[in-house]
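Now for the letters of each chain:
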Amino acid sequence: MKRIGIFIEHDIMIRHFIKSDVFHYLRGKYEIYYIFPESHKRVQTDISTLGLDNVYEIDIDLHRAYRMRRFYQLTVMKGIRKRKGSDKEVFQIMYKQMLGYRSFRPSNYTIDWIKSSWLVYPFVKFFYKFWLGEFKSLRSIIEKLNLDIIVHPTVLEGLFVNDLILLGKKLNIPTIYLMNSWDNPSTKSTMLGNPDKLLVWGEQTKNHANEFLKCPKDSIVLSGAAQFEIYKKNPKTTRNSYRDSLGLRQDEKLVCYAGSSKGLNEMHHLKILDEAIEDSVERVKILYRPHPWKAILEEEIPFFNNGFKHIVMDPFSKKNYMALLNKEMFQTELMKYDHTNTVIKSIDAMISPLSTIILEAAMFGIPISIYLGNEEIDKGSFMNIASQRTQFSEFYDIIDPVICKNKNDLWLTIIQLLFLSNDDEYCSRLKKKTEFFHEPTTKSYGEILHDTIESIIK
């Protein structure tokens, strides 16, 4: 029986790949081993609670990890050089935020810019590979377990992403990488080559992997998203039961306001909508679903202190929201995708400042609106930069969602969404358009991964 090593280095990967149980199809067909970093901040989950067999943890050399991070910064610079126009500006501002302005101070930036040039970078890359040396504990566990295949769910940046490719080639072990997030192929970068196979969400991210990561097209597999597998199942709570729990009348529509991770005073938006509904004849309620790791602004009044009449919070989100108010670290066990499955299949429309959930809703033909209120968003803010990323700009062009550009237009946007929710032909077209972004696979994610493994080892 072939031996598969699954390398997990972040809580988000635990949420999307382990807790969604996408590897269950591999059990019994292969010997599966799970490898985690030991005592590292990226994994706060108690691994013993996951119910996994054959679990191993490996030491992380923090000094080496820092050097790898510096190498990553230079590779980012190299990537920036290839971009053009507004895409280049957006990419540059985004990485200033991600890597810290210290790395982009004039003196540091000039030196790194020179190092990232086409003439100098090959020598810098050779030096870093020599300086980094080998990830000894990683090689040790691969050899100890005598692995035949390496599988790595990843955001294409992290503790293992480059070394697994390097070691895979050295030890003649095929590597299969599993894309985690929508923007990974267009904003991240591997520095030491590409995996033998990369599973991506759909045609859009296949194109991005080929263009930005230089992955050969025949190495890219359309798999859909692991975390979206839950949507193939019926929700545990029916649509009627969920809507009844919110106190909805049969003639009322339910529009979800899905919050973002940071950037806006969402309570101000909800207040505007609450007052508009109070003065309207429309039969509608707004369901507030805060982002699982929402950053709560200092001036933002907590949801339950606003006295909303027509706004209700998603009951599945309440416990996590209260934890965020208390400045506690987000807990993956409070953010279950089967809850999201219930919410999406219970609403009539959705508005969101910016979040992947807009794609998830559109996949079911639910009319969506994106809030891009530039009067509230600074040019260099997270929200403004995120809204201009390639995966989103292409989404606007193809999906043509309702765009709300001003908080004073929020209620008009809701009215438009309510109108579209009654248009079955529109909803059907919307659903079809999303297939470019998320492959509507008939096989499960686990089956596709299994087929990919078999195509390599035969």
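Residues numbered from 1 in each chain as written. Predicted model: local features only at pLDDT ≥ 70, side-chain atom pairs only at ≥ 80, totals over all residues. Heavy atoms only, no water.

We now examine the overall build of the protein. Scanning the protein from terminus to terminus reveals 19 helices and 13 strands. Looking at the protein as a whole, 56% of its 458 residues are labelled buried. In the protein, once contacts between residues fewer than 6 apart in sequence are set aside, the share between residues at least 24 apart is 74%. Entry remark: accessible area of the protein is about 20,800 Å², with carbon and sulfur atoms responsible for 50%. (Helix = DSSP H or I, 4+ residues; strand = E, 2+ residues; numbered from the N terminus. Buried < 20%, exposed > 50% of the residue type's maximum accessible area, 1.4 Å probe, protein only. Contact = heavy atoms within 4.5 Å. Areas by Shrake-Rupley, 256 points an atom, 1.4 Å probe, with all protein chains shown as cover.)

Reading across the sheet, the seven strands line up as β3-β2-β1-β4-β5-β6-β7 and stay open at both edges, with parallel pairing between neighbours. Strand pairing shows two members of the sheet lacking a second neighbour, β3 (55-58) and β7 (220-222), which therefore form its edges. Each adjacent strand pair in this sheet contributes to an overall mean axis angle of 25°, direction not counted. Along the sheet face, helix α1 (residues 11-18) touches β2 (31-37), β4 (149-154) and β5 (175-179) and points at about 110° away from the line of β4. The sheet contacts of helix α6 (residues 136-145) involve β1 (3-7), β2, β3 and β4, and relative to β3 the element is tilted by about 155°. (Pairing = 2+ DSSP bridges. Axes fitted to C-alpha atoms, helices over the stretch in contact; angles between N-to-C directions.)

Before going further, it helps to spend a moment on the sheet that holds strand β11 (residues 349-352). Taken in spatial order, the six strands of this open sheet run β10-β9-β8-β11-β12-β13, and their pairing is parallel. Two strands in the sheet have a free side with no partner beyond their single neighbour: β10 (311-313) and β13 (402-404). Direction aside, neighbouring strands of the sheet carry axes that sit 25° apart on average. With six bridges joining them, strand β8 (residues 253-258) and strand β9 (residues 284-289) adopt parallel strand pairing. Following the sheet pairing, Ala258 is matched in β9 by Arg289.

All told, the structure shown has 25 aromatic pairs when counted by the stated rule. Ring centres 6.4 Å apart and planes at 70° place the aromatic pair Phe304 and Tyr321 in the edge-to-face group. In this pair, Phe304 is assigned in the loop between β9 and β10 and Tyr321 in helix α12 (residues 318-325), connecting sequence segments 17 residues apart. Looking at Tyr321, the relative accessible area reads 1%, which means it is buried. (Phe/Tyr/Trp six-rings, centres within 6.5 Å; stacked < 30°, edge-to-face > 60°.)

With that settled, the discussion passes to the pairing of β2. Counting buried positions over the seven residues of β2 gives six, a clear majority of the element. Pairing between β1 and β2: five bridges, direction parallel. Opposite Arg3, over in β2, you have Glu31 as the bridge partner. A crossover links β1 with its parallel partner β2, the connecting element being α1, and its sense is right-handed. For β2 and β3, the ladder comprises four bridges, and the chain directions are parallel. (Right-handed = clockwise from strand over helix to strand, strands pointing away.)

So, about the environment of Lys188. Secondary-structure assignment places Lys188 in the loop between α8 (184-187) and β6 (197-200). With a relative accessible area of 13%, Lys188 lands in the buried category. Between the C-alpha atoms of Lys188 and Thr75, which are 113 residues apart in sequence, the distance is 9.6 Å.

In this section: the side chain of Arg70. Within the fold, Arg70 resides in helix α2 (residues 62-82). Among the polar contacts listed, one links the side chain of Arg70 to the side chain of Asp112, at a separation of 3.1 Å. Ignoring any residue separated from it by four or fewer positions in sequence, one finds Arg70 in contact with Asp112 and Tyr128. (Polar contact = N/O pair within 3.5 Å; in protein donor to acceptor, adjacent residues only side chain to side chain.)

To continue, consider the nonpolar core. Burial of nonpolar side chains together is a common tendency in soluble globular proteins. Counting residues in hydrophobic clusters, the biggest one holds 93 residues, and the most contacted among them are Phe7, Ile142 and Phe395. Ranked by residue count, the leading element in this core is helix α17 (residues 410-421), at six residues. Apart from residues lying up to four places away in sequence, Phe7 is in contact with Ile35, Leu138, Ile141, Ile142, Leu147, Ile150, Val151, His152, Pro153, Phe160 and Leu164. The next biggest cluster of nonpolar side chains, apart from the first, holds 30 residues, and it includes Ile4, Leu26, Leu50 and Leu178. (Core = buried A, V, L, I, M, F, W, Y, C linked by side-chain atoms within 4.5 Å.)

A word on the packing of helix α11 (residues 266-278) against α17. Two numbers describe how α11 lies on α17: the axes approach to 9 Å, and their chain directions differ by 65°. By the criterion of interaxial angle, the relationship of α11 to α17 is roughly perpendicular. You can see that α11 and α17 cross each other, and the crossing is right-handed. Seen from α11, the contacting residues are His269, Ile272, Leu273, Ala276 and Ile277; seen from α17, they are Leu410, Trp411 and Ile414. Residues belonging to the contact of α11 with α17 are distributed by class as follows: seven nonpolar, one polar and no charged. (Parallel < 35°, antiparallel > 145°, perpendicular 65-115°, else oblique. Left-handed = near helix turned anticlockwise from the far one by under 90°. Nonpolar A, V, L, I, M, F, W, Y, C, P; charged D, E, K, R; others polar.)

Its location among the elements puts Pro290 in the loop between β9 and β10. Taking C-alpha positions, Pro290 is 9.8 Å from Phe303, a pair spaced 13 residues apart along the chain. Excluding residues that lie within four positions of it along the chain, Pro290 makes contacts with Gly259, Met313, Ser317 and Tyr321.

Turning to the environment of Ile32, a few remarks are in order. Mapped onto the secondary structure, Ile32 falls in strand β2. Judged by its relative accessible area of 8%, Ile32 falls in the buried class. Separated by 26 residues in sequence, Ile32 and Ile6 have C-alpha atoms that sit 7.3 Å apart. In this structure Ile32 touches Ile4, Ile6, Phe23, Leu26, Arg27, Asp53 and Asn54, once residues within four positions along its chain are discounted.

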